[in-house]
Protein chains: 4
Amino acid sequence: MNPRAMVKLSHFLNSRNKLFQCRFLGEDAGNCFRLMSSAGISTAGQSYGADGRSSGHIYADYSIFKGKAALSACPVLPTFSKTGSGYTKVDRRGTIMLTFRPAIGERKYDSEKKQLFALSVTEIGSFISLGPGDSCEFFHDPSMQSRDAGQVRKSLSVKPHTDGYFISLSVTNNILKTNNRVTVPVTTAEFAVMRAAFSFALPHIMGWAHSTNPPTDNVGRDFVKVHPQLAAASEWDR
Amino acid sequence: MNPRAMVKLSHFLNSRNKLFQCRFLGEDAGNCFRLMSSAGISTAGQSYGADGRSSGHIYADYSIFKGKAALSACPVLPTFSKTGSGYTKVDRRGTIMLTFRPAIGERKYDSEKKQLFALSVTEIGSFISLGPGDSCEFFHDPSMQSRDAGQVRKSLSVKPHTDGYFISLSVTNNILKTNNRVTVPVTTAEFAVMRAAFSFALPHIMGWAHSTNPPTDNVGRDFVKVHPQLAAASEWDR
Amino acid sequence: MNPRAMVKLSHFLNSRNKLFQCRFLGEDAGNCFRLMSSAGISTAGQSYGADGRSSGHIYADYSIFKGKAALSACPVLPTFSKTGSGYTKVDRRGTIMLTFRPAIGERKYDSEKKQLFALSVTEIGSFISLGPGDSCEFFHDPSMQSRDAGQVRKSLSVKPHTDGYFISLSVTNNILKTNNRVTVPVTTAEFAVMRAAFSFALPHIMGWAHSTNPPTDNVGRDFVKVHPQLAAASEWDR
Amino acid sequence: MNPRAMVKLSHFLNSRNKLFQCRFLGEDAGNCFRLMSSAGISTAGQSYGADGRSSGHIYADYSIFKGKAALSACPVLPTFSKTGSGYTKVDRRGTIMLTFRPAIGERKYDSEKKQLFALSVTEIGSFISLGPGDSCEFFHDPSMQSRDAGQVRKSLSVKPHTDGYFISLSVTNNILKTNNRVTVPVTTAEFAVMRAAFSFALPHIMGWAHSTNPPTDNVGRDFVKVHPQLAAASEWDR
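Residues numbered from 1 in each chain as written. Chains lettered and ligands numbered in written order. Predicted model: local features only at pLDDT ≥ 70, side-chain atom pairs only at ≥ 80, totals over all residues. Heavy atoms only, no water.

A.B. asks: Would you mind showing me how to read the overall build of chain A here?
C.D. replies: When helices and strands are tallied, chain A shows 6 helices and 13 strands. In chain A, which comprises 238 residues, the proportion classed as buried is 60%. Relative to all contacts within chain A whose residues are 6 or more apart in sequence, the contacts with residues 24 or more apart total 50%. Per element, the accessible surface of chain A, about 9100 Å² overall, is 51% carbon and sulfur. (Helix = DSSP H or I, 4+ residues; strand = E, 2+ residues; numbered from the N terminus. Buried < 20%, exposed > 50% of the residue type's maximum accessible area, 1.4 Å probe, protein only. Contact = heavy atoms within 4.5 Å. Areas by Shrake-Rupley, 256 points an atom, 1.4 Å probe, with all protein chains shown as cover.)

A.B. asks: Sorry if this is basic, but what is going on with the sheet that holds strand β12 (residues 164-173) of chain A here?
C.D. replies: Strands belonging to one sheet form pairs held by backbone hydrogen bonds; the direction of such a pair is parallel or antiparallel. All names here are of chain A. Taken in spatial order, the 4 strands of this open sheet run β10-β11-β12-β13, and their pairing is antiparallel. The strands lining the two open edges of the sheet, one partner per strand, are β10 (136-140) and β13 (178-186). Geometrically, the sheet is characterised by an average inter-axis angle of 10° between neighbouring strands, direction not taken into account. As judged from the 9 bridges shared by β12 and β13, these two strands associate in the antiparallel manner. Pairing of S170 across the sheet is with R181, part of β13. (Pairing = 2+ DSSP bridges. Axes fitted to C-alpha atoms, helices over the stretch in contact; angles between N-to-C directions.)

A.B. asks: Hey, could you run me through the sheet that holds strand β9 (residues 115-119) of chain B in this one?
C.D. replies: All names here are of chain B. Taken together, the 4 strands give an open sheet; going across it, the order is β3-β4-β7-β9, and neighbouring strands pair in antiparallel fashion. Of all the strands in the sheet, the pair left with one neighbour each is β3 (62-65) and β9. When strand polarity is set aside, the average angle formed by the axes of neighbouring strands in this sheet is 15°. Where strand β4 (residues 69-76) meets strand β7 (residues 95-102), 8 bridges bridge the pair, whose relative direction is antiparallel. Considered in β7, the bridge of V76 is made with T95. Contacts from helix α3 (residues 121-128) reach β7 and β9, with the element oriented near 90° to β9.

A.B. asks: Is there a simple way to think about the packing of helix α4 (residues 188-206) of chain A against helix α4 (residues 188-206) of chain C in this case?
C.D. replies: What describes two packed helices is the angle between their axes and the distance between those same axes. Look at α4(A) against α4(C): their axes get within 10 Å of each other, and the N-to-C directions meet at 85°. In terms of axis orientation, α4(A) runs roughly perpendicular to α4(C). Facing V193(A), A196(A), A197(A) and F200(A) of α4(A), the residues of α4(C) in contact are L202(C), P203(C) and M206(C). Of the residues that constitute the contact of α4(A) with α4(C), the class distribution is 7 nonpolar, no polar and no charged. (Parallel < 35°, antiparallel > 145°, perpendicular 65-115°, else oblique. Nonpolar A, V, L, I, M, F, W, Y, C, P; charged D, E, K, R; others polar.)

A.B. asks: Would you explain the pairing of strand β9 (residues 115-119) of chain C in this entry?
C.D. replies: The side chains of a regular strand alternate, first on one face of the sheet and then on the other. Residues and elements named next belong to chain C. With respect to burial, β9 is a largely interior element, 5 of its 5 residues being buried. Judged by which residues are buried, β9 turns out to be covered on both faces: Q115, F117 and L119 on one side and L116 and A118 on the other are all buried. Looking at chain direction, strand β7 (residues 95-102) and β9 are connected through 5 bridges and run antiparallel. Of the residues in β9, the one forming a bridge with M97 is A118.

A.B. asks: What exactly am I supposed to notice about the nonpolar core here?
C.D. replies: Among the nonpolar cores identified, the biggest contains 161 residues, and F198(A), F198(B), F198(C) and F198(D) are the most heavily contacted of them. No other element matches the 10 residues that α4(C) contributes to this core. (Core = buried A, V, L, I, M, F, W, Y, C linked by side-chain atoms within 4.5 Å.)

A.B. asks: Quick question: what am I supposed to make of the packing of α4(C) against helix α3 (residues 121-128) of chain D here?
C.D. replies: Where α4(C) contacts α3(D), the two axes come as close as 7 Å, and the packing angle between them is 90°. Between α4(C) and α3(D), the angle is such that the two are roughly perpendicular. On the side of α4(C), the interface is formed by A189(C), E190(C), A192(C), V193(C) and A196(C), while α3(D) contributes V121(D), T122(D), G125(D), S126(D) and I128(D). Considered class by class, the residues forming the contact of α4(C) with α3(D) number 6 nonpolar, 3 polar and 1 charged.

A.B. asks: I would appreciate a short explanation of the packing of aromatic side chains in the present structure.
C.D. replies: Here the distance between the centres and the angle between the planes together describe a pair of aromatic rings. All names here are of chain A. Evaluated as defined, the whole model comprises 20 aromatic pairs over all chains. With centroids separated by 4.2 Å and ring planes inclined at 35°, the aromatic side chains of Y165 and F191 adopt a geometry described as tilted. On the criterion of sequence distance, the pair formed by Y165 in strand β12 and F191 in helix α4 is long-range, its members being 26 residues apart. In this structure F191 comes out as buried when scored by relative accessible area, which is 2%. (Phe/Tyr/Trp six-rings, centres within 6.5 Å; stacked < 30°, edge-to-face > 60°.)

A.B. asks: Would you explain the pattern of salt bridges in this entry?
C.D. replies: For side chains of opposite charge, pairing can occur when their charged atoms come near one another. All names here are of chain A. In the structure shown here, the tally under the stated rule is 8 salt bridges over all chains. Among the ionic pairs, E190 bridges to K66, the shortest N-O distance being 2.8 Å. A residue pair is termed long-range when its members are at least 10 positions apart, and E190 in helix α4 and K66 in the loop between β3 (62-65) and β4 (69-76) qualify at 124 residues. As far as burial versus exposure is concerned, E190 and K66 are alike and both buried. (Salt bridge = Lys/Arg side-chain N within 4 Å of Asp/Glu carboxyl O.)

A.B. asks: Got a minute to help me understand the confidence of the model for chain A in this structure?
C.D. replies: Should pLDDT be low for a region, the predicted coordinates there are not to be read in detail. Residue and element names in this part refer to chain A. Within chain A, residue pLDDT values average 73, and 66% of them lie at 70 or more. Every residue in residues 33-55 scores below 50 in pLDDT, and together they form 48 contacts with partners more than four places removed in sequence or on other chains. This model gives residues 215-234 a pLDDT under 50, and the stretch forms 61 contacts once residues within four places in sequence are excluded. (pLDDT = per-residue confidence, 0-100.)

A.B. asks: Where do I start with the side chain of K66(A) in this structure?
C.D. replies: The exposure class of K66(A) is buried, given its relative accessible area of 18%. Those residues in contact with K66(A) that sit more than four places away from it in its chain are Y109(A), V184(A), P185(A), V186(A), T187(A) and E190(A).

A.B. asks: Whenever I open this one, the pairing of strand β6 (residues 88-92) of chain C confuses me. Can you help?
C.D. replies: All names here are of chain C. With 4 of 5 residues buried, β6 is to be regarded as a mostly interior element. As defined by bridge partners, strand β5 (residues 79-82) adjoins β6 across 4 bridges and the pair is classed as antiparallel. Each bridged residue has a counterpart across the sheet, and for S81 the counterpart in β6 is K89. Between β5 and β6, which follow one another and run antiparallel, lie 5 residues, and G86 among them has a positive phi close to 90°.

A.B. asks: For this particular structure, what's the right way to read the environment of D61(D)?
C.D. replies: With respect to the secondary-structure elements, D61(D) resides in the loop between β2 (58-59) and β3 (62-65). When the C-alpha positions of D61(D) and S72(D) are compared, they lie 6.4 Å apart, and in sequence the two are 11 residues distant. With residues near it in sequence (within four places) discarded, D61(D) still touches R93(B), M206(B), W208(B), S72(D), A73(D) and C74(D). A polar side-chain atom of D61(D) sits 3.3 Å from a polar atom in the side chain of Y59(D). Within the structure, D61(D) has its side chain in polar contact with the side chain of S63(D) (distance 3.1 Å). (Polar contact = N/O pair within 3.5 Å; in protein donor to acceptor, adjacent residues only side chain to side chain.)

A.B. asks: So what exactly am I meant to see when it comes to unusual backbone geometry here?
C.D. replies: Peptide bonds are mostly trans, and most non-glycine residues show a negative phi. Positive phi, close to 55°, is recorded for K177(A), a residue that is not glycine. Tracing the backbone shows K177(A) in the loop between β12 and β13.

A.B. asks: Please explain the environment of T95(A) as it appears in this structure.
C.D. replies: Residue and element names in this part refer to chain A. Residue position: T95 is located in strand β7 (residues 95-102). Judged by its relative accessible area of 0%, T95 falls in the buried class. In sequence terms T95 and I124 are 29 residues apart; their C-alpha atoms lie 8.3 Å from each other.

Next up, the structure:
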């Protein structure tokens, strides 16, 4: 008997440190990375494609595997743009992307039928400030303000149970006549991980982690040594 | 119908991930960046102007758009100076700059009439430690200890309501005979975002994030490998 | 009398800032580093061995020395692998490795008889969300799903006492006919340190600290300046 | 009247963003930096002296100026040493250094009579976990286990009052026949800043911020892309 194999099985069943032993059928990578990269285009090394994408990005999620479905969460970073004035600003804030995959066998989950819900910054604020017994619900409508408004509706609800929360995603599509609901029970410990991870990710998603960090290259290190008359007093200065 | 356009509308209305769809009339960039850069001077690339300003800085805020006004918050980093003894110290601590802009139409906010309030480190301490039902108020007087003391007074108050807080800024200018008050209702979720973001920013604003991080360049990496006899025991050593 | 020596003794007894004055007999380094490096192979400088190991890694733990045993905790980082598609993903999540060493004399602890327990991400979630009076217990079985299933069982329990928690590790080995139990009383202050340190380490252990941080080299700094059309809106885009 | 001067006065009195306007008589720099550098030796640029000291370090504290005394806090980083086996480990944990200076005039504080108290990692754990109404007290004896044991005793106490805490340092020196006590009232807001800043600093002081961060130079970036068979499963592997 191979003791290392034992270990892996144990971790798989106990704590699932080894990722992706629960198989996501239908795709290789999680959804987060797909958001970060162009499907089907492989770039090598640290180089950047003409479209500015980096292959150096690291993909990490947090996945909870339950009997009827799996729930994965991962941070999606903000995007930035350079203005004509020569500075960089947040163009679109990031999200926490939640992915639900229904079970189609023992520890197999169907990525073809996955449903997504991107928690906005303020929705993350709701999520991480949930007290014991609290619940919350968020609604997204991809067709809002179009002629199809109300035809497709997604709602994510977080409701307490005795040890943790039920996280449910409902997707109603009146055009395709489909109505889909998936619920994942999340233990108190798993929710604590999500809360800690989402709280950590929040300033990154908002772009504040980028704006508060001084540049780390050599030029940047000199930056803090000069006297840039950046007036914190400018509150008075208009 | 362009599905991508739908998405943007939806995000705009639901979660406002896409920034600046609510228009700030009267200026292009937020106030934070103006504090970081010289107005009207555009520097290219990563180079530094003679004044030590960097165009590499990234600008990010958190904005809440309500019916009567918008409230934006962004961190303003500390400034540093190099002493004659050859080390770098914080010259002026940073702040969280709050900017209030009155509404002048549907989702349009008037930057010409904006009012600023720079939360100090200790005021941020008050803000992030507010419990449910707590309130706080801060007073700034730009003319303090001058002959005009008391002529212009700003007060920022944070008061609880059923779901969150009212954040109000009053500016009384006895010289110009103006009296200005703007209030933005902030939900519990939005306040949770502010609390998390302000808590994250606090050590950066204080300069502690700079002083606790080891240098990241090559020289710096060697630093931690030598035995600098930096005596933590120096408490006894005077 | 050498005043510096005095200081060290004082710190040793009072606050144990100086590490390893309590001696771990039987090995020089803590267990964490051994996990990070290959035993008996010394690589010089910042170079990497053919196996990709770095000698540049820094080892730090948090150790609590009590009468009957010592408890050390240290973060074990995740491992990553590069996929055929050219991106990097978490291969195995990290852990917090707990090491128990029985006392074999005054302030001497026996590393030969040490017992290990690797807290998974979700177990860390349980640990850091323990309220006053709460307890938790985790079970690991290295032989699970093998013919030896149930022959070796480890259980870690955290139980409240008047000032803090008792942390106990039981290891039952039916094959070797051994039954081992070690308990370390942890004060409220020590538990607060563990909670803060484990919370800090959690996003690093999950790989989120890696995935949310933008690249810091020059190539990376350009990354945020381009317009990578990374659609946060992709929730709608399937 | 110079409006910028007004601003500085206002900030000085209101929020003290501008540091060192309250004068520390008797020394130029705070105590933290002195711990980091050799007195009287000025090194230029980013170079390192033969003793391994860096002039690139940034100094930042948090100071509270009250009627009878000023209290300053600053993080002191751990020291590291390289072992014969080629890895780097924490040699001495860092501290939060508290410095008390008695007032000797309006907003003037006497650095010649300053008293120091270095909070250890576990004492910081006590400090940041203080609930409303809680108190704590720490004792340091620089002469412990010498023939002068008990001759000099320092005690730091943190006791609640209606809005915050009293932080007191008592130093009893039986040899010099001196007995010194200084108390600084700290508001709830100021304590919230200390709690947040100390919590932030804790993993840096422990060395965990160093050990969990991947190397940031080019060599380091490659590190996470290889498959270092660093066995998180090594719990089972002894």
